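Results of the structural survey
One-letter residues, chain by chain:
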Amino acid sequence: MTMGEIGDPVQLKDEGNKYFQAGEIDKAIESYTKAIKACKDKKALAVIYRNRSACFLKKENYNNAASDATKAIDVDAADIKALYRRCQALEKLGKLDMAFKDVQRCATIEPKNKTFLETLRRLGAEIQQKLKTTFSTDSRVQNMFDILFSDESDKEKREKAANNLIVLAREDAGAERIFQENGVPLLVQLIDTGNSEMILAAIRTLSGMCTGHRARATAIIHMVGISKLCSIMAVDNEEIALATANLFQCVNDSLAGGDKRNYGKEEALVLDSSRDLKDILLALLEMIVSKKVSGPGRDQALNLLTRNVPRKDKKDTDNSKCLFTIDHGLKKILKVCGQVPELPDQLPLTENTQLIASVLLNKLYDDLRCDPERDNFRDVCNEYIKGKFDPNDMDKNIHAINALSGILQGPFDVGNALAGHQGIMEMMVALCGSEREVDQLVAVEALIHASTKTSKASFFISNGVSLLKEMYKKTKNDKIKIRALVGLCKLGSAGGDDYSMRQFAEGSTEKLAKQCRKWLCNPTLDVRTRKWAIEGLAYLTNDADVKDDFVEDEAAMRAMFELAQSKDKTILYAVACTLVNCTNSYDKKDILPELVQLAKFSKQHVPEQHPKDKKDFIERRVKRLLKAGVTSAIAVMVKADNSILTDQTKEMLSRVFLALANDIKDRGTIVAQGGGKALIPLALEGTANGKVKASHALAKIAAVSNPEIAFPGERIYEVVRPLVSLLNTERDGMENFEALLGLTNLAGLNDKLRVKILKEKALPEIENYMFEEHDQIRQAATECMCNLVCCKDVQDRYLQDGNDKLKLLILLCSEDDEQLQRAAAGALAMLTAAQKKLAVKMTKVTGQWLEILQRLCLHDNPEIQHRGLVTVFNMLDADDELAKRLIESELLEILTYVAKLEDNPKKQDAINAARACLSRAMDQGLVKPFSK
């Protein structure tokens, strides 16, 4: 072996040590890992493992830290550093008894080491406490079940015991205790009591026990039984259905890999969960077509399928769950879509069931990866619908057409292709001419859904318009009239907001809209029919005259908001569309004058803006909507279940919020009506565009409101991430600026928020914006930094060698912009007060420091002057040599001048600071006392 090869691991180890000392942990791990591969000497290898263990501790990777330390201890059982590192890792992993043994060995080797003795004492106390808790938990579990089953216990006592059980199950130790103490059979007994409070307590306790623990979740599923859980979810009680769905979700997450524990190879084999997951999927598919299942239960089964069947990430190539669901359940989902509630002998449904089923169809179709898979999906749908047609049974025919409606509301392309098939249009015509109201309703609704995407609905435009017009004119039934009208509205809105592309004759659009508003405000009509009036307005409000008329009709707006807050959530999309139209918050294409001229010259169509779509009209409409209570309505809409509140609807609501928050004077109203809270979920989930819009609206509110009122309680911490996302350089200047203002406001509140801002990696972005050429953005970033420097981690960044951050702060103090100077001088004053080393470092980063400091101390603005003088005091206090330099400079003259000024309330802080500086210099013997 050559000397070069022997030297190589040593060189790599030294390189790792350098990286470690410089704080570059990832690079250190890389060097140590290479050294381990190259090293053949056992003792040297142990040292490298011990060093890499320290790196893993820093990275909070405690499993690897313990493993590396063990390899070092295997070579030398008395390696005190490795022993202590393993102790630290084991403590973090919750293995207190093993950590205690390691630190015991450390203390035996070095009995006088204070760190070892302190750790030994602390771990000993923690182990005692844990034992105490375990023993008390044993008796507490039994005690709780005794209270729950006792006939003598009063209601309040039972509720308290049930809640305690739920809380206990959320902690791993408590959940294990309940499990070991025969808790699962007892919880099943609680369910069998039939008391809804007890059922809820039992289900929620089981959810806690299953969360993040695959072995327990597997055991519970087998002990309770999937069919038993399905029968509980089938009960006609929304709360129980939702709680059981949450339990299924916890089980699914744990079985599908939500459990972060490290199982050994044998355990992992025993815990193969694919069979259980398949059984749950089949059970849910059976539930959706069972007559024994209630409406809320069916909704939750469909929701679980929507949430868990399609791939979370399209990069994952395995869509076998989706294909399995299509093979075993597509016809079942279509059966739900085809239900006609007005007919006898139908499945129990809620107002939302069929829309949830359509959303599921859409998600499944989106999850398919190739044309043969899509062809199969279409074939199954076609076979199902054709199979229902029966010339002698009208009920079967309307079931088929309703199923088609369901597909048209889901994967539209599939529905549109099916609608063109032979026999479908004839069936529509036959149903429209039927005597039965229900036949006409189903046919008209199918026509409406078929005319959704006008560019693709050419088949229906040619056939559907005449049918709808005929029905609108002839029928005396308002329910059918309103639906026919909506179909005509949809087909008539193809031009969007282009004034020159109006489909209807001048004035007729307003007439149709007036009729829709009348129906909307008619309390004698059923909710479903009034919902169609909003559908009509969603299309008609593309026209600016209609928008303006609508916002002038306060009764109609309030009626719409009232319906938006009802149980029927299928209405949300139409309400969101109407609001986007009224606030003009859709994306607008910029029309270049040159292109307009060119288009006119070549006789091409030129889009025109309606006069009422100009800025002042939009602002007036926003004010009217706010007055009518739009924020409260959206706040309720946002709470709807995700399967109904689709990402597209969320994006539209985010756009509306941004339009509402545009005027600073309206932001207080938005906060008062709960808009701040409602925006948080919109900013965290949804389309990329929707999240940006909601984050921007949040920033506008956080920039000018008291954040503790706008986002009460723990919610305030959730606002940080959306604001930080707007600091991305891809976002525009206004988004950057308002996000910085919002973060400044948050950073001024408390240290927990400052730490949260740092955790979201905002600091480098804020520092970059302090170099920005745009004055307002640079000022906002500096003000934000001024509030963040109270935080120890930020101070540490300024202490690091070789950074320009401190130099930049000093130079910003010499800028002409007073706001910027004030922020930079404030940050400098706080930094030098917190860290004496920074006061000394100031003199080394730029030669202009003294001149800038003198200018601050003579500034006309008393606030800036005060901050400059505080910085001088901190420098005098930090280092005797530096104090001598300051007093020998012209600063002494400036300090003396300011200190001798007459007392003045406006300048008092600055005068007092100058006097404090001179007192400090006297204490150090640098100046002699002077008489006032």
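Residues numbered from 1 in each chain as written. Predicted model: local features only at pLDDT ≥ 70, side-chain atom pairs only at ≥ 80, totals over all residues. Heavy atoms only, no water.

**Thoughts on the overall build of the chain**
Keep this limit in mind: Numbered from the N terminus, helices here are DSSP runs of H or I no shorter than four residues, and strands are runs of E no shorter than two. When a residue's accessible area, from a 1.4 Å probe over protein chains only, is under 20% of the maximum for its type it is buried; when over 50% it is exposed; and in between it is partly exposed. The contact rule is simple, with two residues in contact once any of their heavy atoms fall within 4.5 Å.
Across its full length, the chain carries 54 helices and 0 strands. Per-residue burial for the chain yields a buried fraction of 51% across its 932 residues. A fraction of 68% describes how many contacts in the chain between residues 6 or more apart in sequence connect residues 24 or more apart.

**Structural notes on the nonpolar core**
Note the threshold: Residue types Ala, Val, Leu, Ile, Met, Phe, Trp, Tyr and Cys, when buried and joined through side-chain atoms within 4.5 Å, form a set referred to as a nonpolar core.
Of all hydrophobic cores here, the largest spans 267 residues; its most connected members are Phe-377, Leu-520, Ile-766 and Tyr-798. With near-sequence residues (within four places) excluded, Ile-766 lies in contact with Leu-727, Leu-740, Ile-757, Ala-781, Cys-784, Met-785 and Leu-788. Residues Leu-12, Tyr-32, Ala-46 and Ala-66 belong to the second largest nonpolar core, which totals 34 residues.

**A closer look at the side chain of Arg-50**
In this fold, Arg-50 is placed in helix H3 (residues 42-58). Its relative accessible area of 17% is what places Arg-50 among the buried residues.

**Some words on the packing of aromatic side chains**
Put simply, the rule reads: For Phe, Tyr and Trp, where Trp contributes only its six-membered ring, two rings pair if their centres lie within 6.5 Å, and the inter-plane angle classes them as stacked under 30 degrees, edge-to-face over 60, or tilted in between.
Inspection of the entire model under this criterion finds 2 aromatic pairs. For the ring pair Tyr-84 and Phe-116, a centre distance of 5.2 Å and an interplane angle of 50 degrees mean the geometry is tilted. Here Phe-116 lies in helix H7 (residues 114-149) and Tyr-84 lies in helix H5 (residues 80-92), a separation of 32 residues in the sequence. What makes Phe-116 buried here is its relative accessible area of 7%. Here the aromatic rings of Tyr-365 and Phe-377 are separated by 5.1 Å at their centres, their planes lie at 55 degrees, and the arrangement is tilted.

**Description of the pattern of salt bridges**
In plain terms, the rule: Any carboxyl oxygen of Asp or Glu that lies within 4 Å of a side-chain nitrogen of Lys or Arg is treated as forming a salt bridge with it.
Summed over the entire model, instances satisfying the criterion amount to 56 salt bridges. A salt bridge links Arg-86 to Asp-102, with the nearest nitrogen and oxygen atoms 2.8 Å apart. Remark: Asp-102 occurs in helix H6 (residues 96-109) and Arg-86 occurs in helix H5; sequence separation between them is 16 residues. For Arg-86, a relative accessible area of 15% gives the class buried. The network of salt bridges with common partners includes Glu-342, Glu-445, Arg-483 and Arg-528.

**As for the environment of Val-845**
Considering the arrangement of structural elements, one finds Val-845 in helix H49 (residues 836-845). Once the C-alpha coordinates of Val-845 and Ile-810 are considered, the two residues, 35 residues apart in sequence, prove to be 9.1 Å apart. Filtering out sequence-adjacent residues up to four positions away, Val-845 remains in contact with Leu-806, Lys-807 and Ile-810.

**Some remarks on helix H42 (residues 733-747)**
Basically, it comes down to this: An expected span of 1.5 Å times one less than the residue number is assigned to each helix. Polar contact is defined as a pair of N or O atoms within 3.5 Å, subject to the rule that within protein one atom must be able to donate a hydrogen and the other to accept it, and that residues adjacent in sequence are counted only when both atoms are side-chain atoms.
Over its 15 residues, H42 runs 21 Å from end to end, which matches the ideal 21 Å to within 8%, given 1.5 Å per residue. Of all 15 residues in H42, 11 are buried, a share of seventy percent or more. Buried within H42 are the following residues: Glu-735, Asn-736, Phe-737, Glu-738, Ala-739, Leu-740, Gly-742, Leu-743, Thr-744, Leu-746 and Ala-747. The N-cap of H42, judged by a side-chain oxygen 3.1 Å from the amide nitrogen of Met-734 a few residues on, is Asp-732.

**Section: the confidence of the model for the chain**
Quick reminder of the rule: Every residue is assigned a pLDDT by the predictor, reflecting its confidence on a scale from 0 to 100.
Of all residues in the chain, 90% have pLDDT values of 70 or greater, and the mean over the chain is 85. Here residues 260-271 scores under 50 on pLDDT; set against residues more than four positions off or in separate chains, the count is 12 contacts. Taken as a whole, residues 494-506 scores under 50 in pLDDT and shows 35 contacts with residues more than four places along the chain or in a different chain.

**Details of the environment of Leu-96**
Residue placement: Leu-96 occurs in helix H6. By relative accessible area, which is 12% here, Leu-96 ends up buried. Linking Leu-96 and Ile-127, residues 31 residues apart in sequence, is a C-alpha distance of 6.6 Å. With residues up to four places along the chain from it excluded, the contact list for Leu-96 reads Glu-91, Leu-123, Glu-126, Ile-127 and Lys-130.

**Considerations on the packing of helix H34 (residues 630-637) against helix H35 (residues 647-660)**
Test applied: Only C-alpha atoms enter the line fits that serve as axes; for helices the fit covers just the stretch in contact. Angles between N-to-C directions range over 0 to 180 degrees. Each angle is binned into one of four classes, with values under 35 degrees roughly parallel, values over 145 roughly antiparallel, values of 65 to 115 roughly perpendicular, and all other values oblique. Each crossing gets its hand from how the near helix is turned against the far one by less than a right angle, where anticlockwise is left-handed and clockwise is right-handed. The residue classification treats Ala, Val, Leu, Ile, Met, Phe, Trp, Tyr, Cys and Pro as nonpolar and Asp, Glu, Lys and Arg as charged. All others, Gly included, are polar.
As a packed pair, H34 and H35 sit with axes 12 Å apart at the nearest point and diverge in direction by 155 degrees. Classified by the angle their axes make, H34 and H35 are roughly antiparallel. As H34 packs across H35, the resulting crossing turns out to be left-handed. Of the residues in H35, those in contact with Val-630, Thr-631, Ile-634 and Met-637 of H34 are Leu-653, Val-656, Phe-657 and Leu-660. When grouped by side-chain class, the residues that make up the contact of H34 with H35 number 7 nonpolar, 1 polar and no charged.

**Here's the deal with helix H18 (residues 320-338)**
We count it as follows: Note on bend: at a given residue it equals the angle between the axes fitted to the 7 residues ending there and to the 7 starting there.
When the terminal C-alpha atoms of H18 are compared, their 26 Å separation across 19 residues agrees well with the 27 Å that a helix rising 1.5 Å per residue should span. The principal kink in H18, of about 65 degrees, is found at Gly-329. Taken residue by residue, H18 has Cys-322, Phe-324, Thr-325, Ile-326, Gly-329, Leu-330, Ile-333, Leu-334, Val-336, Cys-337 and Gly-338 as its buried positions. Of the surrounding secondary structure, the elements contacted by the buried residues of H18 are helix H16 (274-287), helix H17 (295-308), helix H19 (353-366), helix H20 (371-388) and helix H21 (394-409).

**Some thoughts on the packing of helix H47 (residues 805-812) against helix H48 (residues 818-834)**
Running from N to C, H47 and H48 cross one another at 135 degrees; their axes reach a closest spacing of 8 Å. Taken as axis vectors, H47 and H48 run oblique relative to one another. H47 and H48 meet at a crossing whose hand is left-handed. From H47, Leu-806, Leu-809, Ile-810 and Leu-812 reach across to H48, where they touch Leu-820, Gln-821, Ala-824, Ala-827, Leu-828 and Leu-831. Per-class residue counts for the contact of H47 with H48 are 9 nonpolar, 1 polar and no charged.

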